Amino acid sequence: MAQRGPAYDFWLRVKAEQANRGWTDSDLHRRSGVSRNTINGLKIRKRVEAGTVNALADALDIPREQAHQWSGLVPVDEQASHGERVVSVREAIKHDTLYTEEQRRVMLQLVDMFAAANRSRTQQDEPGGEAQAS
């Protein structure tokens, strides 16, 4: 059996949250805007796009930072396991009182764009890079 990636772990969490709410696959699709094929594809993919994670997290009221960790988009920092509070870039942007809501929105979009670009670059560096389906 092929090794499962973080997208599978995220899929399991999404399905658990969906079940807790009593939502059908159609309900989840309608509320998130994410296609059923994309949601089901998380079972077999190694990676997941930030936009997909954000849409599903928002629909299920899961904090985006948590969803990004579950999906492997943001590594769980080792310092956090030693009792130190680690603040993500997203959390820092969200809670900095110097920024307006518009500035926060734009900066969070930039963070997502950089993450997507880095994932794309990493995929191209892997064997068979550009030919891989996501």
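So, here is what we can say about the structure in this document. (Residues numbered from 1 in each chain as written. Predicted model: local features only at pLDDT ≥ 70, side-chain atom pairs only at ≥ 80, totals over all residues. Heavy atoms only, no water.)

1. Considering the packing of helix H2 (residues 25-32) against helix H4 (residues 50-59)
To keep things clear, this is the line we draw: Lines fitted to C-alpha atoms define the axes here, with helix axes fitted over just the stretch in contact, and angles between the N-to-C directions of these axes take values from 0 to 180 degrees. In DSSP terms, a helix is any run of H or I states spanning at least four residues, a strand is any run of E spanning at least two, and both are numbered starting from the N terminus. Oblique is the label for any angle not under 35 degrees, not over 145, and not in the 65 to 115 range, which are roughly parallel, roughly antiparallel and roughly perpendicular in turn. The contact criterion used throughout is that any non-hydrogen atoms of two residues lie within 4.5 Å. Each residue gets one label: Ala, Val, Leu, Ile, Met, Phe, Trp, Tyr, Cys and Pro are nonpolar, Asp, Glu, Lys and Arg are charged, and the others, such as Gly, are polar.
Where H2 meets H4, the axes come as close as 9 Å, and the angle between the chain directions of the two elements is 110 degrees. Between H2 and H4, the crossing angle belongs to the class labelled roughly perpendicular. The segment H2 lies against H4, with Leu-28, Arg-31 and Ser-32 engaging Ala-55, Leu-56 and Ala-59. The class makeup of the residues in the contact of H2 with H4 is four nonpolar, one polar and one charged.

2. A closer look at the pattern of salt bridges
Quick note on the threshold: By convention in these notes, a salt bridge is any Lys or Arg side-chain nitrogen within 4 Å of a carboxyl oxygen on Asp or Glu.
Going through the model one piece at a time under the given rule, you end up with six salt bridges. Notably, a salt bridge pairs Glu-17 with Arg-21, separated by 2.8 Å at the nearest N-O pair. Of this pair, Glu-17 and Arg-21 both sit in helix H1 (residues 6-21), four residues apart, which is roughly one turn of that helix. Glu-102 serves as the salt-bridge partner of Arg-105, at 2.5 Å between the closest nitrogen and oxygen. You can see Arg-105 and its partner Glu-102 sitting in helix H7 (residues 101-125), three residues apart, about one turn around the helix.

3. Brief notes about empty space enclosed by the protein
Keep this limit in mind: A pocket, in this scheme, is an open set of points on a 1 Å grid over the protein atoms alone with protein on both sides within 12 Å along at least 5 of 7 lines, while a cavity is a set where a 1.4 Å probe fits but cannot get out; residues line either one if an atom lies within 4 Å of a point. Grid points are joined across faces, edges and corners, and a volume is the space filled by probe spheres set on the points.
Per the stated rule, a full pass over the model turns up one cavity of 30 Å³ or more. By volume, the largest cavity amounts to about 30 Å³. Put simply, the parts of the chain that give the lining of the largest cavity at least two residues each are H2 and helix H3 (36-41). Among the elements that make up the lining of the largest cavity, the one with the highest residue count is H3 (three residues). Classifying every residue of the lining of the largest cavity gives two nonpolar, one polar and three charged.

4. Quick word on the side chain of Asp-112
Position of Asp-112 relative to the elements: it lies in helix H7. Excluding residues that lie within four positions of it along the chain, Asp-112 makes contacts with Ala-50, Asn-54, His-68 and Arg-90.

5. Here we look at the nonpolar core
Rules: The criterion is simple. A nonpolar core is a set of buried Ala, Val, Leu, Ile, Met, Phe, Trp, Tyr and Cys residues joined through side-chain atoms within 4.5 Å. Note on classification: 1.4 Å probe, protein chains only; a residue is buried when its accessible area is under 20% of the maximum for its type, exposed when over 50%, partly exposed between these limits.
Among the nonpolar cores identified, the biggest contains 21 residues, and Phe-10, Leu-28, Leu-42 and Leu-56 are the most heavily contacted of them. Put simply, the parts of the chain that give this core at least two residues each are H1, H4 and helix H5 (64-70). Ignoring sequence-local partners within four residues, the contact set of Phe-10 consists of Leu-42, Val-53, Leu-56, Ala-67, Trp-70 and Ser-71.

6. A short note on a nonpolar patch on the surface
Which entries qualify depends on this criterion: A patch consists of residues exposed above 30% relative accessible area that lack any salt bridge, with like charges linked at up to 9 Å and nonpolar side chains (Val, Leu, Ile, Met, Phe, Trp, Tyr) linked at up to 5 Å. Residue-level accessible areas treat just the shown protein chains as cover; the underlying method is Shrake-Rupley with a 1.4 Å probe.
On the surface, Val-106, Leu-110, Met-113 and Phe-114 cluster together into a nonpolar patch covering about 390 Å² of accessible area. Within the fold, Leu-110 resides in helix H7. According to the relative accessible area criterion, Leu-110 is partly exposed, its value standing at 37%.

7. Quick look at the packing of aromatic side chains
Quick reminder of the rule: In summary, the pairing rule links any two rings of Phe, Tyr or Trp, Trp by its six-membered ring, whose centres are within 6.5 Å, and it sorts them by plane angle into stacked for under 30 degrees, edge-to-face for over 60 and tilted for everything else. Lysine and arginine charges are scored as sitting over a ring when NZ or CZ, respectively, is within 6 Å of the ring centre and within 35 degrees of the ring normal.
One pass over the structure, following the stated rule, counts one aromatic pair. When the ring centre of Trp-23 is taken as origin, the NZ or CZ atom of Arg-21, which lies over that ring, is 5.7 Å away.

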